[in-house]
Amino acid sequence: MNAYALLLCGGSGTRMGVNENKTLLNIGGVPAIVRSFRAFQKAAKGVVLVTRAGEETLFSGVLSAYGCSPLAIVPGGADRQASAYCGLKALPEDADIALIHDGARPFVTEAIIRRVIDSVERYGSGVAAVPARDTIKRADAEGRVLETLDRSALWQMQTPQGFFVKDLLAAHAVAAARYTDDAALMEAAGHPVRLVLGSPDNIKLTSPEDVRMVNGMLTPRIGTGFDAHRLVEGRELWLGGVLVSYEKGLLGHSDADVALHALMDALLGAAAMGDIGKLFPDKDPQYKDISSILLLKEVARRLTDAGFTVGNVDVTIVCQAPKLAPYIPAMREAIADALAVSASQVSVKATTTERMGYEGSGEGISAQATAMLFH
């Protein structure tokens, strides 16, 4: 069956004390909504975003900068239920299953999503939830305890919440009240709701403490890289993914872009995934004269598949000539595009050796790089 995701992104961030949509808050180097999107990108056939009216262009730009391509971005309604209905109506005709997810839950995993999909296919519904861990009491408006509930039968609802599209649309059409989630809506419409195991990590960003908590859940990983190539005549000079005007170029099996080679080794080192010599051996003819930007994109793909996100990268190019300052902005943009991150996460610097060593004599160029990943 064709499962599509609806990411609800209407959170204002007021309770967090921020003046932006909370799904755009930075979590380990990327906006929360990007983390949510990437999880569903692997498990669902497509993703539709529902935002506050007027924020469609904002979200389009953010997602595009991180290589995410939603099927549609539509304005929502006055509340969560109305917004979910707007998203449902934007799904393509071949949609069998709708996975409704809070965009402010950035740590949903592919495994949770697939459990939800499997439950919908088998039982008609699937809602991520976790058993209540603490004792739950029911109290009156003045805080007096009325009863202690049986914790063994209590679950805390999460998202995604999955149902057949036709059933959800029908339930929305006849809803007699406003409900806080799709499970309650479907219960009221007479549909049995099946729970699947979510995760305590699948929390929703609501308060500043939540942001600190989720950032604390991330493990930082740091890697370093180094590369050097000889300058020769008859070759183009590529540095940082940009063609630099110079009478010589770097000698190598690929385009010999030392800046990107050092960066790739830093990224791979942080992830403990080897080095570029292992991934792209210089004896393999398919990499002859290949653009190192293409190799960097492949490294980025592997990192994403392994669950890593880029925090920031820093590259230093060492050469006596040519002068690289005019090219550095374009290098930052090229690297950011290849890694699907913001240019603000990319630093590129150039320095000389005061005419010492092979860089100072013009015999070659070297580069060093540092990368921080989060997992």
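Residues numbered from 1 in each chain as written. Predicted model: local features only at pLDDT ≥ 70, side-chain atom pairs only at ≥ 80, totals over all residues. Heavy atoms only, no water.

1. Some points on helix α4 (residues 110-123)
And then number 1: Helix length check: α4, at 14 residues, gives a terminal C-alpha distance of 20 Å against a target of 20 Å (1.5 Å per residue), a fit within 8%.
And then number 2: Taken together, the buried positions of α4 are occupied by Ile-112, Ile-113, Val-116, Ile-117, Ser-119 and Val-120. An end-on view of α4 places all buried positions within 160° of arc, on one side of the element.
And then number 3: Those residues of α4 that are buried are in contact with β1 (3-9), α1 (32-43), β6 (97-102), β7 (125-131), β10 (155-164) and β11 (195-197).
And then number 4: Count one or two residues on from α4 and you reach Gly-124, which has phi positive near 95°. (Helix = DSSP H or I, 4+ residues; strand = E, 2+ residues; numbered from the N terminus. Expected span 1.5 Å × (residues − 1). Buried < 20%, exposed > 50% of the residue type's maximum accessible area, 1.4 Å probe, protein only. Arc of directions from axis to C-beta. Contact = heavy atoms within 4.5 Å.)

2. Comments concerning the sheet that holds strand β5 (residues 72-75)
And then number 1: Ordered by their spatial adjacency, seven strands build an open sheet running β5-β4-β1-β6-β10-β7-β11, and the pairing between neighbours is mixed. This sheet does not close on itself; its edge strands, each paired only once, are β5 and β11. When the angles between neighbouring strand axes are averaged without regard to direction, this sheet yields 30°.
And then number 2: In the sheet, β7 pairs with β11 via three bridges, with the strands oriented parallel. Bridged to Val-127 within β11 is Leu-195.
And then number 3: Contacts from helix α2 (residues 56-65) reach β1, β4 (46-51) and β5 within the one sheet, and its direction differs from that of β5 by about 155°.
And then number 4: Packing against the sheet, α4 makes contact with β1, β6, β7, β10 and β11, and its axis sits at approximately 130° to β7. (Pairing = 2+ DSSP bridges. Axes fitted to C-alpha atoms, helices over the stretch in contact; angles between N-to-C directions.)

3. A few points about the pattern of salt bridges
And then number 1: According to the stated counting rule, one finds 19 salt bridges in the structure shown.
And then number 2: Beyond isolated ion pairs, a larger network of salt bridges with shared partners links Arg-80, Asp-102, Arg-105 and Asp-182. (Salt bridge = Lys/Arg side-chain N within 4 Å of Asp/Glu carboxyl O.)

4. Side note on a nonpolar patch on the surface
And then number 1: The grouping of Trp-155, Met-157, Leu-195 and Leu-197 at the surface amounts to a nonpolar patch, some 350 Å² of accessible area in total.
And then number 2: Among the elements of the structure, β10 and β11 are those that each provide at least two residues to the nonpolar patch.
And then number 3: Relative to the assigned elements, Trp-155 resides in strand β10.
And then number 4: According to the relative accessible area criterion, Trp-155 is partly exposed, its value standing at 38%. (Patch = residues over 30% accessible without salt bridge, like charges linked within 9 Å, V, L, I, M, F, W, Y side chains within 5 Å. Areas by Shrake-Rupley, 256 points an atom, 1.4 Å probe, with all protein chains shown as cover.)

5. Regarding the nonpolar core
What tends to happen in soluble globular proteins is that the nonpolar side chains get buried as a cluster.
And then number 1: In terms of nonpolar packing, the biggest core is built from 84 residues, with Leu-49, Leu-99, Leu-239 and Leu-267 touching the most fellow members.
And then number 2: With sequence-adjacent residues up to four places away left out, Leu-49 is seen in contact with Leu-7, Cys-9, Ile-33, Phe-37, Phe-59, Leu-63, Pro-70, Ala-72, Ile-73 and Val-74.
And then number 3: With 19 residues, the next largest nonpolar core counts Tyr-4, Leu-88, Ala-95 and Ala-183 among its residues. (Core = buried A, V, L, I, M, F, W, Y, C linked by side-chain atoms within 4.5 Å.)

6. Re the packing of helix α8 (residues 258-270) against helix α10 (residues 292-305)
And then number 1: The N-to-C vectors of α8 and α10 enclose an angle of 10°; their axes lie 10 Å apart at closest approach. By the angle between their axes, α8 is roughly parallel relative to α10. Seen from α8, the contacting residues are Leu-260, His-261, Leu-263, Met-264, Leu-267 and Leu-268; seen from α10, they are Ser-292, Ile-293, Leu-295, Leu-296, Val-299 and Leu-303.
And then number 2: Of the residues assigned to the contact of α8 with α10, the class counts are ten nonpolar, two polar and no charged. (Parallel < 35°, antiparallel > 145°, perpendicular 65-115°, else oblique. Nonpolar A, V, L, I, M, F, W, Y, C, P; charged D, E, K, R; others polar.)

Note that all results are geometric; they support no functional claim without further evidence.
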